[in-house]
Structure formats: C-alpha cells, structure tokens
Amino acid sequence: MAWARGLVRALRRALSKEAKQHVGTDRFGNNYYSVPEYKNWRGQTIREKRIVEAANKKEVDYEVGDIPSEWEAWIRKTRKTPPTMEEILKNEKKREEIKIKSQHLYEEEKLLSKGSKEELLAQPVQTQIKGHASAPYFGKEEPSVAPTSTGKIFQPGSWMPQGSKNPNQ
C-alpha cells in the first residue's frame, strides 16, 4: 500500500508543477525543502509550503527535539529565512551555558539553604482569637462553654416574653 501512496504523490507533483527546492540539512540528517507559491492547473494560487523529510522515516521513532528549534521556527513560518549552521551552533552554545549557570545557581541555593534554613524562617506569632467584634460579649468575659440547663427548675407557663403588654394572655 505504501507504493501506491508514493505513486499518487509523484503523479500529483508532476501535474501540479510543485517543485521543491532543497534549503538545508540539520545535524540529525533531516532535509528541509521549500515549495514556492504557484498556480495549479485550475488557476488557484497555492501558498508556499515548507517541508521536512525526517532522517528517521518511522513516525513512531520521532521524539521531541529531533528537529532543532531554529528549523522548527522556519517550518512554522515564524521566521522568513532558514537558519545557518553557525546560528544553530551559536544558539546551542548559549543553551549549554545557561544550563551550566542554572546548575551552579541551584547548587549555591542548596548550600545556602542547608546552613541558614532555621535563621531565615520567622517564628510564628502566637495569637488567640476570642470572638468577633460584633459579638455582644466582645471585650467582656466570654460566656461559659459548659452546657447549662434549666431542666430541674423549669416550670411550664412561668416564662413570659419581654415586652408583653398583657400578662394574662
């Protein structure tokens, strides 16, 4: 079935005037091509295409990082010109320097935190919350937490609500 797919691609390229131009190769062996804008047989304008042919043809074997970020930016059209080998090497050198500096910084922080961890942390402040300011007993002695009961002294009908005008009702 793969041979049929290859045949269809070859026929389409031959009929569509699609001519890919080799733009460059990266250190992994991936080849990069550009297909300039052209008009097809129906008169439609086909936009420019940028293609990568991976050195490792199986999709299963592809991993993130197999395409350098500079070439990926060119493929995604976030940059107009393809990267040069000097530019890629310069950027890789910068990335390595940043990794080394971050590793040194991490080690220094680790050493500092071992010795002075107790000195840098402030002791927690002991506070007691004794109610809300809108509570009727704020600032006064708090009501007892022990349960109270009027079960032994309660007599039915002895309680009268405050503000009652007629006590005989």
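That block above? That's the structure.
These numbers were taken from a predicted model, which means no experiment stands behind them.

## A look at the overall build of the protein chain
Thought 1: Looking only at helices and strands, the protein chain features three helices and five strands.
Thought 2: Each of the 169 residues in the protein chain was classed as buried or not, and the buried ones make up 13%.
Thought 3: Long-range pairs, those at least 24 residues apart, make up 34% of the contacts in the protein chain between residues at least 6 apart in sequence.
Thought 4: Carbon together with sulfur atoms contributes 56% to the accessible area of the protein chain, which is approximately 15500 Å² in total.

## Concerning the packing of aromatic side chains
Thought 1: Applying the stated rule across the entire model yields two aromatic pairs.
Thought 2: A centroid spacing of 4.0 Å and a plane angle of 5 degrees characterise the contact between Tyr32 and Trp71, whose relative ring orientation is stacked. Taken together, the positions of Tyr32 in strand E2 (residues 31–35) and Trp71 in helix H2 (residues 69–75) put the pair 39 residues apart, joining distant regions of the chain.
Thought 3: Note on Trp71: relative accessible area 2%, which makes it buried.
Thought 4: Here the aromatic rings of Trp71 and Trp74 are separated by 5.7 Å at their centres, their planes lie at 90 degrees, and the arrangement is edge-to-face. On the criterion of helical spacing, the pair formed by Trp71 and Trp74 is a turn pair, its members being three residues apart in helix H2.

## Regarding the pattern of salt bridges
Thought 1: Applying the stated criterion across every chain, the model contains seven salt bridges.
Thought 2: Across the salt bridge formed by Lys20 and Glu53, the nearest N and O atoms sit 2.4 Å from each other. With Lys20 in the loop between helix H1 (2–16) and strand E1 (21–25) and Glu53 in strand E5 (residues 49–53), this pair connects stretches of sequence that are 33 residues apart.

## Regarding unusual backbone geometry
Thought 1: Residues other than glycine seldom take positive phi values, yet Lys77 does so here, at roughly 65 degrees.
Thought 2: Here Lys77 lies in the loop between H2 and helix H3 (85–120).

## Looking at the environment of Lys80
Thought 1: Considering the arrangement of structural elements, one finds Lys80 in the loop between H2 and H3.
Thought 2: Not counting residues within four places of it along the chain, the set of residues in contact with Lys80 comprises Arg50 and Trp74.

## So, the nonpolar core
Thought 1: Judged by nonpolar contacts, Tyr32, Ile67, Trp71, Trp74 and Ile88 together constitute the single largest core of five residues.
Thought 2: The residues contacting Trp74, other than those within four sequence positions of it, are Val23, Tyr32, Tyr33, Ser34, Arg50, Arg79, Lys80, Thr81, Pro82 and Pro83.

## A short note on the pairing of E1
Thought 1: Summarising the sheet, E1 and E2 pair through four bridges and their orientation is antiparallel. Of the residues in E2, the one forming a bridge with Gln21 is Ser34.
Thought 2: Where E1 folds back onto E2 in an antiparallel hairpin, the turn is made up of five residues, including Gly29, whose phi is positive at roughly 95 degrees.

Procedures and definitions
- Residues numbered from 1 in each chain as written.
- Predicted model: local features only at pLDDT ≥ 70, side-chain atom pairs only at ≥ 80, totals over all residues.
- Heavy atoms only, no water.
- Helix = DSSP H or I, 4+ residues; strand = E, 2+ residues; numbered from the N terminus.
- Buried < 20%, exposed > 50% of the residue type's maximum accessible area, 1.4 Å probe, protein only.
- Contact = heavy atoms within 4.5 Å.
- Areas by Shrake-Rupley, 256 points an atom, 1.4 Å probe, with all protein chains shown as cover.
- Phe/Tyr/Trp six-rings, centres within 6.5 Å; stacked < 30°, edge-to-face > 60°.
- Salt bridge = Lys/Arg side-chain N within 4 Å of Asp/Glu carboxyl O.
- Core = buried A, V, L, I, M, F, W, Y, C linked by side-chain atoms within 4.5 Å.
- Pairing = 2+ DSSP bridges.

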